Amino acid sequence: MNQIVIGIITFIAGAGIAYLLNDYFFKSKKERQIKETEAESEVIRKKKMLEAKEHFLQLKAEHERTANERNSKLAQAENRIKQKEGTLSQRIEENQRQKRDIDNLRDNLKTQIELAERKQEDLEKSHRQQVERLEAISGLSANEAKGQLIESLKTEARSEAMSYINEIVDETKMTATKEAKRIILQTIQRVASETAVENAITIFHIENDDMKGRIIGREGRNIRALEAATGVEIIVDDTPEAIILSAFDPVRREVARLALHQLVTDGRIHPARIEEVVNKLQKQVEEEVVEVGKRTAIDLGIQGLHPELIRIIGKMKYRSSYGQNLLQHSREVANLSAIMASELGLNTKLAKRAGLLHDIGKVPDDEPELPHAVLGMKLAERYKEKPDVCNAIGAHHEEMEMTTLIAPIVQVCDAISGARPGARREVVEAYIKRLKELESLALAYPGVTKTYAIQAGRELRVIVGSEKVSDNDAEKLSYDIAKKIQDEMTYPGQVKITVIRETRAISYAK
């Protein structure tokens, strides 16, 4: 029991001692922390004081620098103001000096003007006296003499002006003729297309003559069916490995040629098959007509054509004029017109369009009583072509008045294309005979010494003797020959009659 009490007392005493020791150590630690905190605060305070002093010194230095810069700028401004004041003072002095000079000059001028006015009065007085003496001597007043002088000068000036105008007109005519020839020659040279005369027949070649019998058929039924379907005369004769297709319509000939080719290649030749092939090929050729028209317009760079005009252009491929392919002729006229319009500074696109469409009146089969130029103009108007193009189409054969500069260009280019050697069909014998008839007809007139048919019979030059035919007679002779040719001969286009009257003086040195 005692041991337990002693243990409890010992435990309580140990706990008290431990509490006292712990309290002592806690207080000493707290005091130590407070001292450390106070030391750190003192260090921070001193540091902050140093930083504040440094910042103050920086602000002071910056303020002094700013003040120095401001003082420097003020000093510079004061210097500039002083310089300007000096310059202004100099200018004021210069202006005052110039003002004094001007005043002196004005006084001098005033004096000189007064002297000049006095001299002018003296001169006028002297002039009046001289005029009075001249009037007394000549017996004419000054106004009458002036009028006579003016009339004399007018007459002289009018005479010189007329002479000058005549020289200019002659020179202009010579230059214009030369320039026109140059433009036409250059145009022809730049469009040197090939020419080929179309015939009314087409040669269809076959591999052997045995095929001719199959084409004819039993009792000629195949060839009759083919002729009835195509409207083409098919001539099977002794010509080796060839069959002749004859028709004036190139479209029919082309359909017949294609039909024969397909039938011979296929080998099935009988009337039913012939009709089937011909109907199919007629549609194919119609589609090709439209394609040819589109391709032609694209090649020439012509846009905005009505679809019906494109179809008419395509049909030109299967039309001919005097043996000349109409599409080839129209393309050539279009290119010629564009080049000539370019040389003259006109609208090349309109000229090319009018050149291509100028013969569309030859394609339709309706209204045959109208001239093809007038019919073509109506078609162009119907399909909304421009008035310049319509006028060029309608006037290219002078059936109507030309109202635009493109019309004569198309007319000239149409003549150029048709006049190319070989462009149009004409039998050689008939051609030579017509030229001889032209020369003989003119040679029969009295006073005519020589005649020459030139330019493929489009011009007849007649040389007359100056002792037998006067200038007035030459003009009458030209008209009489033209009238006789028009009444008695048949010819394409027109014939120009040029009568040349020349005087020759011949001497011999011995």
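Summarised in this report is the structure supplied together with it. (Residues numbered from 1 in each chain as written. Predicted model: local features only at pLDDT ≥ 70, side-chain atom pairs only at ≥ 80, totals over all residues. Heavy atoms only, no water.)

### Looking at the overall build of the chain
And step 1. Looking only at helices and strands, the chain features 14 helices and eight strands.
And step 2. Within the chain, the fraction of its 510 residues that count as buried is 28%.
And step 3. Within the chain, contacts between residues separated by at least 24 positions form 60% of all contacts whose residues are at least 6 apart in sequence. (Helix = DSSP H or I, 4+ residues; strand = E, 2+ residues; numbered from the N terminus. Buried < 20%, exposed > 50% of the residue type's maximum accessible area, 1.4 Å probe, protein only. Contact = heavy atoms within 4.5 Å.)

### Some words on the pattern of salt bridges
And step 1. Applying the stated rule across the entire model yields 15 salt bridges.
And step 2. Among the salt bridges present, the one from R331 reaches D299, with a minimum N-O distance of 3.7 Å. Separated by 32 residues along the polypeptide, R331 in helix α8 (residues 326–343) and D299 in helix α6 (residues 271–300) bring together distant segments of the chain.
And step 3. Across the pair E385 and R353 runs a salt bridge whose closest N-O atoms are separated by 2.6 Å. Of the two residues, E385 sits in the loop between α10 (372–382) and α11 (387–394) while R353 sits in helix α9 (residues 348–357), which places them 32 residues apart along the sequence. Neither residue differs from the other here; E385 and R353 are each classed as buried.
And step 4. Through salt bridges with shared partners, one network takes in E286, E308 and R311. (Salt bridge = Lys/Arg side-chain N within 4 Å of Asp/Glu carboxyl O.)

### Here's the deal with the pairing of strand β3 (residues 242–246)
And step 1. Summarising burial for β3: four of the five residues are buried, a large majority.
And step 2. Here strand β2 (residues 233–235) pairs with β3 via three bridges, running antiparallel. When the sheet's bridge partners are listed, E233 is paired in β3 with S246. (Pairing = 2+ DSSP bridges.)

### Overview of unusual backbone geometry
And step 1. Of note in this structure, K384 is not a glycine but carries a positive phi near 65 degrees.
And step 2. Relative to the helices and strands, K384 is located in the loop between α10 and α11.
And step 3. The phi dihedral of E398 is positive, around 60 degrees, even though this residue is not glycine.
And step 4. Look at E398 and you get exposed, because its relative accessible area is 56%.

### Section: the environment of D388
And step 1. With respect to the helices and strands, the residue D388 is situated in helix α11.
And step 2. Using a relative accessible area of 34% as the deciding quantity, one classes D388 as partly exposed.
And step 3. Each C-alpha atom of the pair D388 and A351 lies 9.0 Å from the other, and the pair is 37 residues apart in sequence.
And step 4. Beyond its immediate stretch of four places on either side in the chain, D388 contacts L350, T404 and I406.

### Some remarks on a negative patch on the surface
And step 1. The grouping of E114, E117, E121, D122 and E124 at the surface amounts to a negative patch.
And step 2. On the secondary structure map, E117 appears in helix α1 (residues 2–138). (Patch = residues over 30% accessible without salt bridge, like charges linked within 9 Å, V, L, I, M, F, W, Y side chains within 5 Å. Areas by Shrake-Rupley, 256 points an atom, 1.4 Å probe, with all protein chains shown as cover. Lys, Arg positive; Asp, Glu negative; His and termini not counted. Charge placed at Lys NZ, Arg CZ, Asp CG, Glu CD.)

### Observations regarding helix α4 (residues 221–230)
And step 1. Among the residues making up α4, those that are buried are N222, I223, A225, L226 and T230. Angular distribution of buried residues about the axis of α4 spans 160 degrees; they occupy a single face of the element.
And step 2. Buried positions along α4 lie against α3 (210–216), β2, α5 (250–266) and α6. (Arc of directions from axis to C-beta.)

### Focus on a nonpolar patch on the surface
And step 1. On the surface, a nonpolar cluster with roughly 450 Å² of combined accessible area is contributed by I4, I8, F11 and I12.
And step 2. Of note, F11 is situated in helix α1.
And step 3. Judged by relative accessible area, which is 64%, F11 ranks as exposed.

### Remarks on helix α7 (residues 307–315)
And step 1. Those residues of α7 that sit buried are L309, I310, I312, I313, G314 and K315.
And step 2. Buried residues in α7 make contact with α6, α8, α9 and α10.

### Focus: the nonpolar core
And step 1. Counting residues in each nonpolar core, the largest one holds 39 residues, and the members touching the most others are L305, L309, L357, I360 and I406.
And step 2. Among the secondary structure elements, those contributing two or more residues to this core are α6, α7, α8, α9, α10, α11 and α12 (406–419).
And step 3. Element by element, the count of residues in this core is highest for α8, at seven residues.
And step 4. Excluding anything up to four places from it in sequence, I360 contacts L309, I312, M316, G376, L379 and A380. (Core = buried A, V, L, I, M, F, W, Y, C linked by side-chain atoms within 4.5 Å.)

### With respect to the packing of α5 against α6
Axes are the key here: two packed helices are described by the angle between their axes and the distance separating the axes.
And step 1. Between α5 and α6, the least distance of the axes is 9 Å, while the angle of their chain directions is 130 degrees. In terms of their interaxial angle, α5 and α6 are classed as oblique. Seen along the crossing, α5 lies across α6 with a hand that is right-handed. Counting all contacts with α5, which are made through V251, V255, L258, A259, Q262, L263 and D266, the residues of α6 involved are R273, I274, V277, V278, K280, L281, Q282 and V285.
And step 2. Considering only residue class, the contact of α5 with α6 consists of 10 nonpolar, two polar and three charged. (Axes fitted to C-alpha atoms, helices over the stretch in contact; angles between N-to-C directions. Parallel < 35°, antiparallel > 145°, perpendicular 65-115°, else oblique. Left-handed = near helix turned anticlockwise from the far one by under 90°. Nonpolar A, V, L, I, M, F, W, Y, C, P; charged D, E, K, R; others polar.)

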